[in-house]
Amino acid sequence: MPGLLRMVRRGAVTVVGATVLVAGLLMLVLPGPGLLGTAAGLAILATEYAWARKHVHHVRRRAHDVTALAGASPLNTAVAIGFGAVLLTVGTVAVVAPDLIPFAGVGVGVGLLLSGTAIVVGTVVGYRERLLALRLRREAERHGMTLGAPSQLSEER
């Protein structure tokens, strides 16, 4: 019986993970948080497959890099938050009043809402990481310590 449960679990993980992964890959070119969907699909598949575990690290790293870039400066942060707000607005209109936007509907609206949310949340996380890194650097300098090689973070004036 445990063998049967294991097979059912593996089958369910395969179907759900592959579906989320394919949706994520499609959202790389369609409205939606493609990088987030791809990472989620790989994370689901990684619970059962070693090949997926290898790729999860790369996708997570790329997502972190994008987040850090969005929060790297006040200008980047403002542009990313503004773009996310536009996506949230258009997504809301696409869901509530799809006749106002050509080719809109609930699917497009939900994809835009997910994308806008991912952009805003990712940008806020990246901005907070930047502020934390700057604060840690200042503390270290105040105590006469130096931190390792500086990352791409820079203090904007």
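Rules of the game
- Residues numbered from 1 in each chain as written.
- Predicted model: local features only at pLDDT ≥ 70, side-chain atom pairs only at ≥ 80, totals over all residues.
- Heavy atoms only, no water.
- Phe/Tyr/Trp six-rings, centres within 6.5 Å; stacked < 30°, edge-to-face > 60°.
- Buried < 20%, exposed > 50% of the residue type's maximum accessible area, 1.4 Å probe, protein only.
- Salt bridge = Lys/Arg side-chain N within 4 Å of Asp/Glu carboxyl O.
- Helix = DSSP H or I, 4+ residues; strand = E, 2+ residues; numbered from the N terminus.
- pLDDT = per-residue confidence, 0-100.
- Contact = heavy atoms within 4.5 Å.

## A few points about the packing of aromatic side chains
For any two aromatic rings, the description comes down to two numbers: the centre-to-centre distance and the angle of the planes. Across all of its chains, the model carries 1 aromatic pair by this definition. Taking 6.1 Å as the distance between ring centres and 35° as the angle between the ring planes, the aromatic pair formed by Tyr49 and Trp51 counts as tilted. Since its relative accessible area comes to 17%, Tyr49 is described here as buried. The class for Trp51 is partly exposed, based on a relative accessible area of 42%.

## Quick notes on the pattern of salt bridges
Under the criterion given, the structure shown has 4 salt bridges. The partner of Glu48 in a salt bridge is Arg9, and the shortest N-O contact between them spans 2.1 Å. Highlighted residues: Glu48 in the loop between α2 (34-46) and α3 (50-70) and Arg9 in helix α1 (residues 2-27), separated in sequence by 39 residues. Accessibility expressed as a relative area gives 9% for Glu48, which makes it buried.

## Some remarks on the confidence of the model for the protein chain
Per-residue confidence for the protein chain gives a mean pLDDT of 83, with 92% of residues at or over 70. Of all helices and strands in the protein chain, the one with the weakest mean pLDDT is α3 (83), whereas helix α4 (residues 74-96) scores best (91). Below a pLDDT of 50 lies the segment residues 150-157, which in the model reaches 12 contacts outside its immediate sequence neighbourhood of four places, other chains included.

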